[in-house]
Amino acid sequence: MQDPSADTEWNDILRKKGILPSKGNSEDLEEEAEEEQPVLQQSIVKTYEDMTLEELEDNEDEFNEEDERAIEMYRQQRLAEWKATQLKNKFGEVLEISGKDYVQEVTKAGEGLWVILHLYKQGIPLCALINQHFTGLARKFPDVKFIKAISTTCIPNYPDKNLPTVFVYLEGDIKAQFIGSLVFGGMNLTQDELEWKLSESGAIKTDLEENPKKPIKDVLLSTVRCSVPIKKDSDSEDD
């Protein structure tokens, strides 16, 4: 087969007919192909920032020495971020404990770790409601340790009148406490209201922009305003 790039009379005819590219175009294509090769290699190297740790290991042979140093630094950074994420998201559910677990799970929970403990007793509806809200909040804030315990297993002879009770700890120290049904507002307590209450202690960072529970004073004031009759102008004229 004749070389299409050869400078022959027949190839010149084919070039004029447009069957073969011009000689200049052919050389340009070859140069472009040579230029694209390092660009392609460079683009492969640049994608390491989008790779997972596993993908970085699988593609190690494609990187040069300089890239490998940068990738190793990047790998260590990704590994540190992954470990930090694992530590933050290591809970996500409510842990049931008894008195013998208290020291390990609360006092020695860990540096910088918030622990929220609910003391409850079966058969008390508000305790059951708070346990239900705890399940939702534990999923929403997996970096916070949510714990529940039957009251008398942690504190012998703890009075039922103090239930439900919620203690908020940081590194073993009590930062807030909520004792009795009145503090929680009774069975109308919503998960958002409990979230806001716990956020005020600093234990969780809520995304709620304002307290979902309207202050009682405002509710009473609006009720009084609505109940006061409006005096008509005619009445004032008769007086």
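Higher on the page you've got the structure.
Residues numbered from 1 in each chain as written. Predicted model: local features only at pLDDT ≥ 70, side-chain atom pairs only at ≥ 80, totals over all residues. Heavy atoms only, no water.

A closer look at the pairing of strand E5 (residues 173-179)
Here strand E4 (residues 165-170) runs beside E5; their pairing, made up of 6 bridges, is antiparallel. Its bridge partner lying in E5, Leu 170 is registered against Asp 173. Linking E4 back to E5 in an antiparallel pair, the connection comprises 2 residues, with Glu 171 at a positive phi of about 55°. (Pairing = 2+ DSSP bridges. Helix = DSSP H or I, 4+ residues; strand = E, 2+ residues; numbered from the N terminus.)

Quick notes on helix H6 (residues 125-140)
The end-to-end C-alpha distance of H6, which contains 16 residues, comes to 23 Å, matching closely the 22 Å that a straight helix rising 1.5 Å per residue would cover. If you check which residues of H6 are buried, you get Leu 126, Cys 127, Leu 129, Ile 130, Asn 131, His 133, Phe 134, Gly 136, Leu 137 and Ala 138. The elements touched by buried residues of H6 are strand E2 (114-120), strand E3 (145-150), E4, helix H8 (181-184) and helix H9 (191-199). (Expected span 1.5 Å × (residues − 1). Buried < 20%, exposed > 50% of the residue type's maximum accessible area, 1.4 Å probe, protein only. Contact = heavy atoms within 4.5 Å.)

Considering H9
Along H9, 7 of the 9 residues are buried, which leaves the element largely enclosed by surrounding structure. For H9, the full list of buried residues reads Glu 193, Leu 194, Glu 195, Trp 196, Lys 197, Leu 198 and Ser 199. On the buried face of H9, the contacting elements are E2, H6, E3, E4, E5 and H8.

A short note on the packing of aromatic side chains
Across all of its chains, the model carries 4 aromatic pairs by this definition. An angle of 80° between the planes, with centres 5.2 Å apart, marks the rings of Phe 134 and Phe 146 as edge-to-face. With Phe 134 in helix H6 and Phe 146 in strand E3, the pair connects residues that are 12 residues apart, well separated along the chain. Each member of the pair, Phe 134 as well as Phe 146, is classed as buried. Members of the aromatic cluster, joined through ring pairs, are Tyr 102, Phe 167 and Tyr 169. (Phe/Tyr/Trp six-rings, centres within 6.5 Å; stacked < 30°, edge-to-face > 60°.)

Comments concerning the nonpolar core
Judged by nonpolar contacts, the single largest core of 22 residues is most densely connected at Ile 116, Phe 146, Val 168, Phe 184, Leu 194 and Leu 198. Mapped onto this core, the elements with two or more residues apiece are E2, H6, E4, E5 and H9. Here the element with the most residues in this core is H6; it accounts for 6 residues. Sequence-distant contacts of Leu 194, defined by excluding residues within four places in its chain, comprise Ile 130, His 133, Phe 134, Leu 137, Phe 184 and Leu 189. Counting residues in each nonpolar core, the second largest holds 15 residues, with Ile 97, Leu 119, Ala 149 and Tyr 158 among its members. (Core = buried A, V, L, I, M, F, W, Y, C linked by side-chain atoms within 4.5 Å.)

Structural notes on the sheet that holds E5
Across the sheet, 5 strands lie side by side as E1-E3-E2-E4-E5; this open sheet has mixed pairing. Each edge of the open sheet is held by one strand with a lone partner, namely strand E1 (95-96) and E5.

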